[in-house]
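Letter by letter, the chains look like this.
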Amino acid sequence: MLISTAAAQAQDEEASDVIIVQGIRGALGNALNEKREAPNLVEVIQAEDIGKLPDQNLAEVLENITGVQITRTAGVGTGVQIRGTNSNRTEINGVSTVGSGAGRSGISFEDVSASIISAVEVTKASQAKTIEGSVGGTVNLRTIRPLDLDGVLANIRVQGETSSLSTDGIKPRLSAALGNNWSTGAGEFGAVVSASWARQDVSAFRPRADRDNLISSSSGVPSAQSFDFLPIQFLNQDYDNFEYETLNISGTLEWAPTESLRFYFDTIINDQERREESSRVQASGVSSLRNVAVPDSFETVDFGVLPGENGPQTLGSIEAALTGIIPVDLATDDDDPNLRFSGDTNSRITDSRIFSLGTDFNHGNFSARIEGSISSSDSTTPSINTTLNFINPNVPLDPGGANDNAVPFIYDLSGGALTFAVAQNAPFGPSTEQLLDPANVVLRDVNISRDIAENEELAFRGDFSYDLIDSAVGSFLTSVDAGYRFNKSTALRDQVRSNVGLRNLSDSPSGDLFEDILVPGPDNFGDADGRALFVGDFLLIDPELVANDPDAVFASLNAAIAAHGGSISIDDPTSDQSAFFDIEEKTHALYGQVNFEKSIFRGNAGVRYVKTNVASVGNTITNGVATPTTTEGSYDFILPRFNLVASPLENVQLRFSWGKDIRRPDFDDLSTSFTFSTSPNPPVVLGNPDLVPEQVNSLDVSAEWYFAPRAVVSVGYFNKKRTNLHVQQQEDPFEDPVTGYRDLTDPCEGGGIFNPIADPNVFAPSGTPVGVCVPVSTTINDPGETTQKGFEVAMQYDLAAWEDTIGFASGFGILANYTHQEFSGGDTVNNASSRASDVFATFGATDVTFKQPLIDLSEDAYNVTLYYEKYGLSARARYTWRSAFRSTDFGSTSSFPWGFPVVQDARGQLNASINYNVTEHLTIGIEGVNLTKSDIRQYCVNDGALLCFQGLTDRRLTFGGSYTF
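Residues numbered from 1 in each chain as written. Predicted model: local features only at pLDDT ≥ 70, side-chain atom pairs only at ≥ 80, totals over all residues. Heavy atoms only, no water.

Asks: So what about a negative patch on the surface? Which residues, and what values?
Replies: On the surface, Asp437, Asp512, Glu515 and Asp516 cluster together into a negatively charged patch. Locating Asp512 in the fold gives a position in the loop between β27 (496-501) and β28 (518-520). (Patch = residues over 30% accessible without salt bridge, like charges linked within 9 Å, V, L, I, M, F, W, Y side chains within 5 Å. Areas by Shrake-Rupley, 256 points an atom, 1.4 Å probe, with all protein chains shown as cover. Salt bridge = Lys/Arg side-chain N within 4 Å of Asp/Glu carboxyl O. Lys, Arg positive; Asp, Glu negative; His and termini not counted. Charge placed at Lys NZ, Arg CZ, Asp CG, Glu CD. Helix = DSSP H or I, 4+ residues; strand = E, 2+ residues; numbered from the N terminus.)

Asks: Describe empty space enclosed by the protein, and please don't skip the residues or the numbers.
Replies: Evaluation of the coordinates by the stated rule reveals 15 cavities of 30 Å³ or more. There is about 350 Å³ of room inside the second largest cavity. Arg89, Thr97, Arg104, Glu457 and Ser489 are the residues nearest the centre of the second largest cavity, which is lined by 25 residues in total. For the lining of the second largest cavity, the secondary-structure elements that each account for two or more residues are β5 (89-92), β25 (441-467) and β26 (477-494). In terms of residue count, β26 provides more of the lining of the second largest cavity than any other element does, 4 residues in total. (1 Å grid on protein atoms, 1.4 Å probe; cavity = no way out; pocket = protein on both sides within 12 Å on 5 of 7 lines; lining within 4 Å. Points joined across faces, edges and corners; volume = space filled by probe spheres on them.)

Asks: Run through the pattern of salt bridges, naming residues and quoting values.
Replies: Under the definition given, this model contains 57 salt bridges. Residue Glu63 is joined to Arg878 by a salt bridge in which the shortest nitrogen-to-oxygen separation is 3.2 Å. With Glu63 in the loop between α2 (58-62) and β3 (68-73) and Arg878 in strand β47 (residues 873-882), this residue pair connects regions lying 815 residues apart in the sequence. Across this residue pair, the class does not change: Glu63 and Arg878 are buried. Bridged by salt links that share partners, the residues Lys35, Glu43, Arg83, Lys124, Arg655, Asp700, Glu704 and Glu792 form one connected network. (Buried < 20%, exposed > 50% of the residue type's maximum accessible area, 1.4 Å probe, protein only.)

Asks: Account for the environment of Ser317, naming residues and giving values.
Replies: For Ser317, the position within the fold is in strand β19 (residues 317-326). Along the chain, Ser317 and Thr419 lie 102 residues apart, while their C-alpha atoms are 23 Å from each other. Each residue touching Ser317, except ones within four places of it in the same chain, is listed here: Thr300, Val301, Asp302 and Phe843. (Contact = heavy atoms within 4.5 Å.)

Asks: Hey, could you go over the packing of aromatic side chains for me, with residue numbers and the actual values?
Replies: The geometry of an aromatic ring pair is captured by the separation of the ring centres together with the interplanar angle, meaning the angle of the planes. Within this structure, the stated rule accounts for 31 aromatic pairs. Taken together, a centroid distance of 5.8 Å and an interplanar angle of 90° make the contact between Phe303 and Phe840 edge-to-face. Of this pair, Phe303 sits in the loop between β16 (297-302) and β17 (305-308) while Phe840 sits in helix α8 (residues 834-841); the two residues are 537 residues apart in sequence, bridging distant segments of the chain. Taken as a pair, Phe303 and Phe840 share a single burial class, namely buried. On the basis of an interplanar angle of 20° and a centroid distance of 5.4 Å, the ring pair of Tyr862 and Trp881 is categorised as stacked. Pair noted here: Tyr862 is in strand β46 (residues 860-870) and Trp881 is in strand β47, with a separation of 19 residues, a long-range link. Residue Tyr862 is classed as partly exposed on the basis of its relative accessible area, which comes to 30%. Taken together, the aromatic side chains of Phe303, Phe840, Phe843 and Trp898 make up a single cluster linked through ring pairs. For Arg104, the ring lying beneath its charged end belongs to Phe667, and the centroid distance is 4.0 Å. For Arg742, the ring lying beneath its charged end belongs to Phe763, and the centroid distance is 3.7 Å. (Phe/Tyr/Trp six-rings, centres within 6.5 Å; stacked < 30°, edge-to-face > 60°. Lys NZ or Arg CZ within 6 Å of the ring centre and 35° of its normal.)

Written as structure tokens, this is what we have:
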């Protein structure tokens, strides 16, 4: 199945001459017909065969649609932006879904296999009957309806997937569908079930280099040059690995006792276990050597112009460290820079259920649908994240008893690659044997989590319609619709955690006391781009053992602490009362809508009324005692909507739509609860119970020309005015420009919030106990109005009509689309961090701010798909490109570097597939994702300015076959 960008043209042919088109072209034609007949602006993608959408991943499927871009986690599509925004809704068979997190968009696309979905529909312009809550669009995933089957459905598909960066071999994928319908004396019965089970192993390498400090030419320190420059502040080697096991089951029962009455029951079951086996190698404390570490070479960084609170700000250029060695200098610092090995096993186990029971009936001019549904998602996030400090045997131990000491590093950030390694040939450099010796690592941190997230929505709706064709107004008004919907949504979060930080050798057991649970870390970090500099020799606590037998890991670590004589043991995780919340939301919605058709015009006009009551329960902590606190609120909105379609020519359609909608705040953004990290880097996220829903006024104008069968050229313009936009605002703590130290007492007068359990690390003198000011982040309503506007161009065409002329070449077809979009307005700004402000001051730029952008919005994006279908061969190649965009996803830190979201550079990706019908029943094929292994580059401050993060992704191949009985 491929994407529909406009409805297909019907042909007037004699019944004996009708050719039934199936496969890619058939799916395109059917999807275009749906779009063309729709009274509002929709895009449709239909499966070209049972369980066969264009891509394995639903986010990748949606990326085929004009105006849709996606974001990825370790190369897997997880986020979907429709016309530049993440504020969208997801339904399955018209039923609202809930996600595993606190967002409003619904079920995660990574949790649902594309193989159980028969069609995808994206509504870009709402009708009055459309459920509120979407800014960009509403995605409806449709499953097979048994009463629509022409006969017995029986299909099985067996596949295997391999990844270029995976070390675990081929992973299986199985899917099947079975269905039929029967005519009986009691009416028509139908049943269908689709199931999918898959394992997937995906990896991405994410190196990071922080250069957000300053060595002034006038500082007089040994590393000073004749010019100001940015030294190395921090180096990190992130190895992200996720293992998915997903089970999806979709089932439907239908009974139509008469032609005017139908009952149905739908079931969707999604179970996903996502295991993370990631690791981080950190060159920590590097900044302590900035005054003595002299870079071998530099690069010029132009920070360009930044849109600020008071207009454009020209920031200027500065030199930055490019290559060099960060040495061990015992006279400067006896325990920095130091080497740390972290294992991240942030798993997620999610059980999602959707059940809906309903009936359709009609009597004369009256018709109705009544439906009750429940959608739930229960998740736990079991994890044991550990950090080991490497104790360099070539360097004296810290005289103060700290559990780290110095290690030299070499770095090379040239050529657009952020590379570093242990400088084994430098003075005091450790050997490979020493790096892999369990006796040379000590336990530093153990962070345990068993968080619980429970989301549910109960809904009831009644939709009624009365046909006016035979009435006095029937020459213009075709029908009138009205309906009511009630839903109760609940969201519960319980953070169950235990954090242990060991900072003294007297408390930290060495690895030889728990070597039974240690394994070498991944050594293939160079496989993605052929880099020579990386850390490939290090030890980790076995991530597979953590996932499969966490109790054995606890027992081994506690036994090691006891044998070592340490004073701090690892306790079982307990509920964090300050982070608990339970939110209930009840909504009543009414709508009325008139549908009309006259001459070349058709469409609808209506209004939707929404009334919502919210009650949020959290805990207020006073002197260590938790007191439940309930916050209540309510709001109501009137949402008018209008859609008009005109057909001035037989094959031309013009569309106009206008309407209002709202976007409710995410549940965790409303909560009064919060939690602390043991690291000084992540911001403390504070909820804001005063948040109100966003409001959006949307206008769409488009033209569609269906110039041939299954062919279209379309152009459209959209404009969205948003008020009360939900934006993230971060406040950073003050850092001393000379020492880099932060405030260590509460309150934090210079900014941020006091974290009583965070290790101060480089933000305080060595040996300082826990407790330091850290960044604070919250979501607010932007007081200004924002505008998203843009235009879309799409075309679709195949050469089937030219078969007599060009023969085999008539199997070719093409789809292409381009979107340009802009974001403007708003009054919220981000402020430069303390260190960034010191750098900008050297250019004469003071009080630097950044006008809050719309996260994940690319101004330009396009898709081009070339396909071939003939002689049993079906092949497709799709290239997708999007321009640079601001992102808050930048590796192992959640704190804005330099105080601003990063800029993810423009990137393209090539996917392709080829299938062959061996027989009428058997098809074999192979599919490739990210064939060119396009990497990700993220820049700090401005696009192309200072390279801060990379994402080196894998190439995935899926091969197998399907059999239809």
